[in-house]
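Take a look at the letters that make up each chain.
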Amino acid sequence: MIKTERILHLKSCRGRKVRVVREHYVRERVPCFSALCQADCDNDGKVLPGDLTHYVVPDVGVVVDYLEILEFRELQGIVFTQTACQAVQHSKGRRQYNRLRNLLKDPRHDCVLFANEFQEYSYCPREKGESQEKWQTRCVYSAAVWYHNHLAGMMDIVMITEDQDAVAQFSSLSSGVYVVSVQDYLSNFWMELHAAHELYNSISQALEEKESEGTEKEYTEHLPSEILEAGIKSGRYIQGVLNVNKHRAQQEALITTQASSNKNTDLSRDVLVYGGKNRNRAVHGDVVVVELLPKSEWRGKVTSLTERQGDEKTGEDEKSKPMPTGYVVGILQRNWRDYVVTFPPREATQSQSRNSQRILAIPWDPRIPKIRISTQQADALQDHRVVVRIDSWESTSLYPNGHSVRVLGRAGELETEIQTILIENFIHVPPFSEAQLKEMPVNSPEKPWKVHPSQVASRRDLRGTHLVFSIDPRGCEDVDDTLSVRTLDGGKLLELGVHIADVTHFVPEGSLTDLEARSRATTYYLADRRYDMLPAVLSADLCSLLGGVDRYAMSVLWELDAHTLEVTKVWYGRTLIRSSYQLHYELAQALLNREDTEVPELAPLSPEEKDAKLAELTQALEMLTHVARHLRAQRDRGGALELEGVEVRAQLDAEKNITALVPRQPLEVHETVAECMIYANHWVARKIQKTFPHQALLRHHPPPRQEFFSQLVDSAKARGFTINTSSNKALADSLDRAVDPEDPLVNRMLRMMATQAMSQALYFSTGAQSQEQYYHYGLALDHYTHFTSPIRRYADMIVHRLLTAAVDLDKGLSPAVALATNKELEETTQHINNKNRAAQRAQKLSIELFQCLYFKERDPQTDPSCVADAAIYAIRDNGVLVFVPQYGVKGPVYLKNRDGEVVTVGQDGRCEWKTGSVKRYSEHISTTCSSGTSTFTLFDHITVRISVQPSRCHADSLNLEIISNKPHKSAESQQPHSQGRSQLVQEVVRQAEEASQQAQERASRGPRLSKEEREFCQSKTPNLYSLLEEIRELALMDVGAAANVCASKTEIIVRF
Amino acid sequence: MAGLELLSDQGYRLDGRKATELRKVQARMGVFAQADGSAYLEQGNTKALAVVYGPHEMRGSRSRTLHDRAVINCQYSMATFSTAERKRRPHGDRKSTEMSLHLKQTFEAAVMTQLYPRSQIDIYVKILQSDGGNYSVCVNAATLAVIDAGIPMRDYVCACTVGFVDETPLADLCYAEESGGVSSLALALLPRGGQIALLQMDARLHQDHLETLIDAAMTACKGVSKVLDEVVRQHLQEVSVLTRE
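Scoring rules and cut-offs
Residues numbered from 1 in each chain as written. Chains lettered and ligands numbered in written order. Predicted model: local features only at pLDDT ≥ 70, side-chain atom pairs only at ≥ 80, totals over all residues. Heavy atoms only, no water. UniProt positions renumbered as here; feature names shortened; annotations may be inferred. Helix = DSSP H or I, 4+ residues; strand = E, 2+ residues; numbered from the N terminus. Buried < 20%, exposed > 50% of the residue type's maximum accessible area, 1.4 Å probe, protein only. Areas by Shrake-Rupley, 256 points an atom, 1.4 Å probe, with all protein chains shown as cover. Salt bridge = Lys/Arg side-chain N within 4 Å of Asp/Glu carboxyl O. Pairing = 2+ DSSP bridges. Axes fitted to C-alpha atoms, helices over the stretch in contact; angles between N-to-C directions. Contact = heavy atoms within 4.5 Å. Buried area = accessible area lost by both parts, 1.4 Å probe. Polar contact = N/O pair within 3.5 Å; in protein donor to acceptor, adjacent residues only side chain to side chain. Nonpolar A, V, L, I, M, F, W, Y, C, P; charged D, E, K, R; others polar. Expected span 1.5 Å × (residues − 1). Phe/Tyr/Trp six-rings, centres within 6.5 Å; stacked < 30°, edge-to-face > 60°.

- Labelled according to an unreviewed UniProt entry, chain B appears under the name Exosome complex component RRP41, originating from Sphaeramia orbicularis.
- In its Sequence similarities (unreviewed entry) section, UniProt records this for chain B: "Belongs to the RNase PH family."

- Going by an unreviewed UniProt entry, chain A carries the name DIS3-like exonuclease 1 and comes from Sphaeramia orbicularis.
- Check the Catalytic activity (unreviewed entry) section of the UniProt entry for chain A; it says "Exonucleolytic cleavage in the 3'- to 5'-direction to yield nucleoside 5'-phosphates."

Pasting the structure below:
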């Protein structure tokens, strides 16, 4: 250890100026992370390749302001200096710094960090009177010179800076180190990288604007963070996440306080922030600090329905009872992301700004304020959707400043809208890169993939001994689970086996594919397409447990007592299997029912052989069903998972609009497969939790908060049902009883409300939670995880790795790679949870998009398909919320419009608008006018007309208008096969194709779309278990789609 | 809130050290002629002066006299100019009293007090500049002073603080690290036998990590002992050269 000491860092702390002396140790050997290194530096981790033309050393100012440009993967050989990183940390905050750190960690980016201030020869102490910026630039330059010398002049170094003095001062000093400005650098080296040039212009313009800003204050200044922290500790301020109300984005925002302060009972309620001044520059999602206003100024939330354009209404709205109200005094953490915006129409632009370059762009998400950006392309980009980032929001400015990043396309086009949905949900799914695909094994007709002999030796071979088969939806290509069952020991024992595709064998931890899968976290299903988590060669071929071929699997085998069905032994491990039959549900059910059917795999055999094989298969299926029934009963007794199970079954029963996805009548075999999967998940969870008590990934479902059930209980009371919400079993039982024989929809809507009250099932690391919190409320299991779908969920891959490590430990081997620590795992689970949420939102939005596109093509006045039956499920001050079962649409129906007219019902049930008043009661709402009074009660059926409300800047929305208070009779008879959602999707896709084919300049799009369709329609749902999950999500999303007044509740989507 | 990054991704600490590296230790023995023993020790920017009087007969109240061994009396104080902001009360506050007590316990374990029954040994330590690890610097300085006074000890007493950040133990914390919310542990070791003279920790730490933390502290203490040993040998050489002449 060679150490020299150089002291002296002057530092003035807050408050009084204090002189602090800090030690600073420098050393001779600091790793350079270059492949060209001559001095045997200790380079582990990422290394810059030696075959580049030059390395880039960005100056501090460049890293701080133009980091986005450096994020382009095309730019290679970037050396970040420690000086620059520290400057980012200090001036830009944690978020930006983490971004830089992730960039450095990401092996896909060709950049390294050089600790220049700890290197003896590249460190230069700050001189007296030297400004911070000058010193930093000098440091970076001396680092660049060091690099040049260290690599013995074999690599040219380019230092890029925005400081013109530095260019003049340093450029002539030494050969081999070039100092240029960013613009020169981009135009000399990256001519063809237009995106970078545009981004550079956009950022530099934004920076210029920032400097030339006025000084008049629009908002009060934020308090410094020390005061905020002290205030939070003393209880004077409250910390929370700002949640803007989607429907009254201008006025209302809620602060959801964090769990830590929830112990304090009087503070556990959310805080309302009313109006833009009080919100004080906070943007949706920021972590803010609020101070409460005096009680006399508290106000309530507005409970009446507002149309999007009706935001300017004030005053006369009815309010709920006052709740804590406050104003924002400071922001702890900005959570800005990329926003999709649309430029306003031309005439608006000119009147809005003094300077024609500055434009107030309107974000797609109504919760985000308008963003001021500077651009010369405003005219060219009319009606386009553009991605922007917010740079800053000064107290002198009414709106935040931002810069544009890239153009998505024309608003209203399918591709643009889908991209918008992806970006708004922070989903980034580029095609798999070549480097990633290179890691994949090859399986082509010329070079077929074969089982490796060493694997045969190390795996348990089940090919000869076990009858393995898969049951999936018809036409499924990616099979990730198979089953087996057999008797042992002369019928005394049963052996049940679940075999899951061994994805982790092909995707080693830390490989590029693994990193990509981790960042995606799940496969994204949109209404018309799918973005896979893993490349197709794995998901549809090598990992898919197809019939008749050898495949690697991870298996769980239970030995059960044949009579009591008690588990006597469990075996976990890697296996080699060959699936004998690839069944689909209908076929399996038919076999169970002993119907005469043809199994394709047995077709070429002789009749005797066929009968024998068929008998064997049927027997296995029967055994399986028997076991599954027992398992289910066991779980029902033990806790009560009924809630979730019934949920699915009931949804299937009544859910007509997704009949295209599943058979209307659920087959028992569906449940059998699902039960086996739940059982496998459960046992794997037990195993990994036992072996790794502090670092296993499990999934839990916390019990819901009782107050969320109030809507459900009240609504049920209107129909005379009582709902007991004390436990999961009680809830399930009372929901079972709440059936109206005349209207199956009532039970379904009650179930939707119950689901809405649920909290969300989440992944977690066992070290981060206490044992009693492991419980899964929905499934009534004390341990649960996800193990059975590694092809489309990253969590399952982690669990597979954990299980492998656990099995190795049992054998006495130490795991090859160190497992993630509790902290790392907890971070990963947070990431996966967030991505799952994003995936659900994106799916919901894409479905809404397709609904809108579908109705856009139809004239609401003439087309009979635009008129539908709807049921009322909630009452509001000036209207009702309805559910349209035919299309699965939910939305508000207004009984009072802005001119003060109300809906009245005529003789034949027709509705008209007349002047009058609306009165709301707990279970019904009535309108009064000169011709009489009409009443609408909960669960009433009415007829609505559906039309599209176009919106320039936001997503289009559906508008529901009441035409009659009678149920819409003709709907059923006219359309015996009601419009399924997938049909709807296909229809819209077809229309989009036609439209694009007509457009000459986009002739190429037609075939592309259809190709995508062919590709993505292969099997949207890989197996039943996932299918059930998806149906539930769809159903739940409907709930979420409702015009929900409570902003905090809209996010609650249950996913087991 | 922003929280300094105590250990960077590349494994550097704020001042450029790696996790296991100590600060630079420099020491001199025999800095005062009037006292029986004295030493000055710098560990990074923490500087301490230790002075030893005795063994001599009991002063003050005679009732404290022990008949089988010597009484060790310690006083810890900080100079008013030792911190960035001027300190009001150089000694006698609770922190100093506690520190005095800790020092006393440490040296009672190390000094062979049974050789001097009914007598008293006074150890006075003053922090001249404080930059973290005050306790350990005091112990190290006092060890040298005791050796300078010629009082027999079982072994050197070496002390070091360690902190725990990102699952990694950091040796010899500086002030910025100590105040940055690290759970730190101070350990005084008799390195040859590996006996622990004092172990002190005020922060919360998971039980699983304690073992690694103590191991790191012991390694660090052994590092310190090497330096101290060198200082003592150097000093003896200088002194013996002087006496020969």
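### Looking at the overall build of chain B
Line of reasoning, step 1. The helix and strand inventory of chain B stands at 4 helices and 9 strands.
Line of reasoning, step 2. Seen in sequence order, chain B has helices and strands lined up from the N terminus as β-β-β-β-α-β-α-β-β-α-β-β-α.
Line of reasoning, step 3. Across the 245 residues in chain B, those meeting the buried criterion constitute 51%.
Line of reasoning, step 4. Accessible surface computed for chain B: about 11,900 Å², of which carbon and sulfur atoms make up 49%.

### Overview of the pattern of salt bridges
All names here are of chain A.
Line of reasoning, step 1. Considering all chains together, one arrives at 40 salt bridges over all chains under this definition.
Line of reasoning, step 2. Between Glu675 and Arg632 there is a salt bridge, with the nearest N and O atoms lying 3.2 Å from each other. Here the residue Glu675 occupies a position in helix H20 (residues 668-691), and Arg632 occupies one in helix H18 (residues 607-638), the gap between them amounting to 43 residues. Each member of the pair, Glu675 as well as Arg632, is classed as buried.
Line of reasoning, step 3. Salt bridges sharing common partners tie together Arg337, Asp365, Arg367 and Glu424.

### A closer look at the sheet that holds strand E29 (residues 867-875) of chain A
Residue and element names in this part refer to chain A.
Line of reasoning, step 1. Ordered in space as E31-E30-E29-E36-E37, the 5 strands form an open sheet in which the pairing is antiparallel. Strand pairing shows two members of the sheet lacking a second neighbour, strand E31 (889-894) and strand E37 (957-964), which therefore form its edges. Each strand of the sheet is rotated relative to its neighbour by a mean of 50°, with strand direction disregarded.
Line of reasoning, step 2. By the bridge criterion, 4 bridges tie E29 to strand E30 (residues 879-884) in an arrangement that is antiparallel. Looking at the pairing, Ala871 lines up with Phe883 of E30.

### Let's talk about the interface of chain A and chain B
Line of reasoning, step 1. Listed by partner, the interface residues are 29 residues for chain A and 27 residues for chain B.
Line of reasoning, step 2. Between chain A and chain B the total buried area reaches about 2,500 Å² when both faces are included, carbon and sulfur atoms providing 45% of it.
Line of reasoning, step 3. Here chain A is connected to chain B by 4 salt bridges.
Line of reasoning, step 4. Between Glu21 of chain B and Arg27 of chain A there is a salt bridge whose closest N-O contact spans 2.8 Å.
Line of reasoning, step 5. There are 7 residue pairs in polar contact (both at pLDDT 80 or more) connecting chain A and chain B.
Line of reasoning, step 6. With 5 residues, helix H3 (residues 82-105) of chain A is the single largest residue contributor to the side of chain A that touches chain B.
Line of reasoning, step 7. Within the side of chain A that touches chain B, the residues separate by chemical class into 13 nonpolar, 4 polar and 12 charged.

### Regarding helix H23 (residues 744-757) of chain A
Line of reasoning, step 1. End to end, H23 of chain A covers 21 Å across 14 residues, agreeing with the expected 20 Å (1.5 Å per residue, within 8%).
Line of reasoning, step 2. Most of H23 of chain A sits inside the fold, with 13 of its 14 residues counted as buried.

### With respect to the pairing of strand E10 (residues 271-274) of chain A
Residue and element names in this part refer to chain A.
Line of reasoning, step 1. Neither face of E10 is left uncovered, since the one carrying Val271 and Val273 and the one carrying Leu272 and Tyr274 both have all their residues buried.
Line of reasoning, step 2. Of the pairings in the sheet, the one linking strand E9 (residues 252-257) to E10 comprises 4 bridges and is antiparallel in character. Following the sheet pairing, Ile255 is matched in E10 by Val271.
Line of reasoning, step 3. Bridge count for E10 against strand E12 (residues 325-333) is 2 bridges, and the pairing is parallel.

### Concerning the packing of aromatic side chains
Residue and element names in this part refer to chain A.
Line of reasoning, step 1. All told, the structure shown has 15 aromatic pairs over all chains when counted by the stated rule.
Line of reasoning, step 2. Arranged with centres 5.5 Å apart and planes meeting at 80°, the rings of Trp449 and Tyr552 form a pair that is edge-to-face. Of this pair, Trp449 sits in the loop between helix H12 (434-438) and helix H13 (453-458) while Tyr552 sits in strand E24 (residues 550-561), placing them 103 residues apart in sequence.
Line of reasoning, step 3. Residue Trp449 is classed as buried on the basis of its relative accessible area, which comes to 18%.
Line of reasoning, step 4. Judged by its relative accessible area of 3%, Tyr552 is buried.
Line of reasoning, step 5. Seen from their ring centres, Tyr679 and Trp683 are 6.1 Å apart, and the 70° between their planes marks the pair as edge-to-face. Of this pair, Tyr679 and Trp683 both sit in helix H20, 4 residues apart, which is roughly one turn of the helix. As far as the burial class goes, Tyr679 and Trp683 line up, both buried.
Line of reasoning, step 6. An aromatic cluster is present here, built from Tyr55, Phe114, Trp146 and Tyr147 joined pairwise through their rings.

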